[in-house]
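# Coordinates in review
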Amino acid sequence: MEIELLVKKQRAYFEKGKTRDISWRLAALKTLKKTILKYEKEIDEALYADLRKSSTETYMCETGMVLSELSHMIRHLRGYAREKQVITPLAQFHAKSFTSPEPYGVVLVMSPWNYPFMLAMEPLIGAIAAGNCVIVKPSAYAPATADVIEKILGDCFAPHFAAVVKGGRAENTALLEQRFDFIFFTGSVKVGKLVMEKASRSLTPVCLELGGKSPCIVDKTANIRLAARRIVFGKYLNLGQTCVAPDYLFVHEDVKERLLKEIEKCIRKQFGARPLENPDYGRIVNEKHFDRLLGLMEHTTVSVGGECRRETLQIEPTVLTGITPSSAVMQEEIFGPLLPVMTFREISEVISYVTRREKPLALYLFTGSRQVQRQILKYCSFGGGCINDTIIHLATSRMGFGGVGGSGMGSYHGKDSFELFSHRRSIVKKYTWIDLPIRYQPYRGWKKILLKMFLK
């Protein structure tokens, strides 16, 4: 279906008002959940075809998270959609003040290739829950998953309510030429800037979930063995192709060697002595990204790993040392299984390094010191993160997830998703049995005295 015509049909359907009904939205969410369960095996196969993800990792990081978000939204939607009464100022006596959420209208969800199912479906859930019509644009780099998403939505909904547009740059460009009421984008900073530029022409609000260089900090009071295990999990999950993966490691020089030895042990324990032979070890999405990662390894010291296999687009979990702030690997988001390591003596050095650069999407701190924890949280700005763990802060519908500054804007998951895809109106309902004359001219001295009393 032609993109312009599809947008027009969705707008016409939205104007009928059916999606505003809460029971209708709940039925749509329940249908979506039932259909995802029906296609669970095909989802597994698609993610294996696109990224060589194992069935367990697919459920843990994609399907399971989507089903959990659906369950949460179905359970709480009526509460999220209620009007909320607020206190009315005395100067507006007698009146009732409340806020009321309404859907934006027709929204566009543009998803990336690294978690191609979860990062398409979770914003879709929020958009449906808030009462919008939705067009989902999956990544062309994950074609098998895009096909399954198209099947699922085609099985659930008519295209005038929720539809999939597949394709590459031409389709992205055509979509961004349309006027949407809200745009949700997950991807690179470069493309995010383009999305925002296009949206600005019609003052369309956007949510940008981007990325950046997320630091992982280990001080000398940390539990080194546990830190190593959790860093290896977070860094090498999906071969590092995770927007909130620890991008680089900042470790106190007194514990550097201990930590690197533990990381090497954990890599062997989690992935085996030969990770490229591990059937549950994924692959880099395409040759372009594979070559980019090989380039970032140049002029560094490979402390752990480093072996690669072009025919399967795989690189071992790799630790790089001899890194300085000017190293090539420190100039861009890595988005792969390479972990550069730098050292520090005082936590103030880390704070200075982090705060002088773009605000990261995530920050991870391993410490046993409350003082260090307070310092990092007080001075470092970042989207979200963990203390003594990695990654898991986004795996809940009870907290929002999003970036700040260069790592994005807007927050979603659970209630935040509902609020993100809604406009909350502020309304005063004024009663008619009394009309205080204070605000009307002619203004006399006694009116000013009463206003001062009312507006304190």
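One structure accompanies this document, and this report is about it.

Parameters and conventions
Residues numbered from 1 in each chain as written. Predicted model: local features only at pLDDT ≥ 70, side-chain atom pairs only at ≥ 80, totals over all residues. Heavy atoms only, no water. Helix = DSSP H or I, 4+ residues; strand = E, 2+ residues; numbered from the N terminus. Rg over C-alpha atoms; globule rule 2.2 N^0.38 Å. Buried < 20%, exposed > 50% of the residue type's maximum accessible area, 1.4 Å probe, protein only. Contact = heavy atoms within 4.5 Å. Pairing = 2+ DSSP bridges. Axes fitted to C-alpha atoms, helices over the stretch in contact; angles between N-to-C directions. Expected span 1.5 Å × (residues − 1). Arc of directions from axis to C-beta. Core = buried A, V, L, I, M, F, W, Y, C linked by side-chain atoms within 4.5 Å. Phe/Tyr/Trp six-rings, centres within 6.5 Å; stacked < 30°, edge-to-face > 60°. Lys NZ or Arg CZ within 6 Å of the ring centre and 35° of its normal. Patch = residues over 30% accessible without salt bridge, like charges linked within 9 Å, V, L, I, M, F, W, Y side chains within 5 Å. Areas by Shrake-Rupley, 256 points an atom, 1.4 Å probe, with all protein chains shown as cover. Salt bridge = Lys/Arg side-chain N within 4 Å of Asp/Glu carboxyl O. Right-handed = clockwise from strand over helix to strand, strands pointing away.

### With respect to the overall build of the protein chain
Along the protein chain, the regular secondary structure elements total 15 helices and 20 strands. Over its C-alpha atoms the protein chain spans a radius of gyration of 25 Å, differing by no more than 12% from the 23 Å that the globule rule assigns to 456 residues. When each of the 456 residues of the protein chain is scored for burial, the buried share is 52%. Contacts in the protein chain between residues far apart in sequence, at least 24 positions, make up 72% of those at least 6 positions apart.

### Here's the deal with the environment of V354
Relative to the assigned elements, V354 resides in helix 12 (residues 347-355). Considering only alpha carbons, one finds V354 and S381, 27 residues apart in sequence, at a separation of 8.5 Å. Once residues lying within four places of it in the same chain are set aside, the contact partners of V354 are P215, Y248, L363 and C380.

### Comments concerning the side chain of T321
One can find T321 in strand 13 (residues 318-321). For T321, a relative accessible area of 11% corresponds to the buried category. When neighbours within four sequence positions are excluded, T321 is seen to be in contact with K256, L260, T300, T301, S303 and V341.

### Considering the sheet that holds strand 5 (residues 162-164)
Across the sheet, six strands lie side by side as 5-4-3-6-7-18; this open sheet has mixed pairing. Since the sheet does not close on itself, it has two edges, and those belong to strand 5 and strand 18 (408-409), each with one partner. Two strands pair when backbone bridges link them, and strand 4 (residues 133-137) and strand 5 are joined in this way by three bridges, in the parallel orientation. Considered in strand 5, the bridge of V136 is made with V164. Contacting strand 3 (106-110), strand 4 and strand 5, helix 1 (residues 3-15) runs over the sheet at an angle of about 155° to strand 4.

### Quick notes on helix 8 (residues 189-200)
For helix 8, spanning twelve residues, the distance from its first C-alpha to its last is 16 Å, which sits close to the expected 16 Å at 1.5 Å a residue. For helix 8, the complete set of buried residues consists of G192, V195 and A199. Looking down the long axis of helix 8, one finds its buried residues gathered within 60° of arc, a one-sided arrangement. Structural note: helix 8 exposes K190, K193 and E197 on the side pointing more than 90 degrees away from its buried face. Next to the buried residues of helix 8 lie strand 3, helix 7 (169-176), strand 6 (182-186) and strand 7 (206-209).

### Topic: the nonpolar core
Among the nonpolar cores identified, the biggest contains 143 residues, and L32, I36, M121, I152, L153, L249 and I263 are the most heavily contacted of them. Among the elements that take part in this core, helix 5 (residues 118-129) stands out by supplying nine residues, more than any other. Those residues in contact with I36, other than ones at most four positions away along the chain, are I43, T63, V66, L67, L70, F117, M121 and I152.

### As for the sheet that holds strand 9 (residues 248-252)
Pairing is mixed in the open sheet, where seven strands are placed in the order 10-13-14-9-8-15-16. Pairing within the sheet leaves two strands with one partner each, and these edge strands are strand 10 (301-304) and strand 16 (384-387). When the angles between neighbouring strand axes are averaged without regard to direction, this sheet yields 25°. In terms of strand pairing, strand 8 (residues 215-218) meets strand 9 through four bridges, oriented parallel. Bridged to I217 within strand 9 is F250.

### Some thoughts on the packing of aromatic side chains
Aromatic ring pairs are described here by two measures, namely the spacing of the ring centres and the angle between the planes. Under the counting rule described, the total for this entry stands at 17 aromatic pairs. The rings of Y104, F182, F184, F401, Y412 and F421 are connected pair by pair, giving a single aromatic cluster. If you follow K96 out to its NZ or CZ, it ends over the ring of F98, 5.3 Å from the centre. Over the face of the ring belonging to Y353 we find R357, whose NZ or CZ atom lies 3.6 Å from the ring centre.

### Some points on a nonpolar patch on the surface
Among the surface-exposed residues, L90, F93, Y431 and W433 lie close enough to one another that they form a single nonpolar patch of about 430 Å² accessible area. Here F93 is to be found in the loop between strand 1 (84-86) and strand 2 (95-103). Overall, F93 belongs to the partly exposed group, its relative accessible area being 34%.

### What to know about the pairing of strand 16
Of the two faces of strand 16, only one is covered, namely that formed by G384 and C386; the face formed by G385 and I387 stays uncovered. Crossover connection from strand 15 (residues 362-366) via helix 13 (residues 370-379) to parallel strand 16: handedness right-handed.

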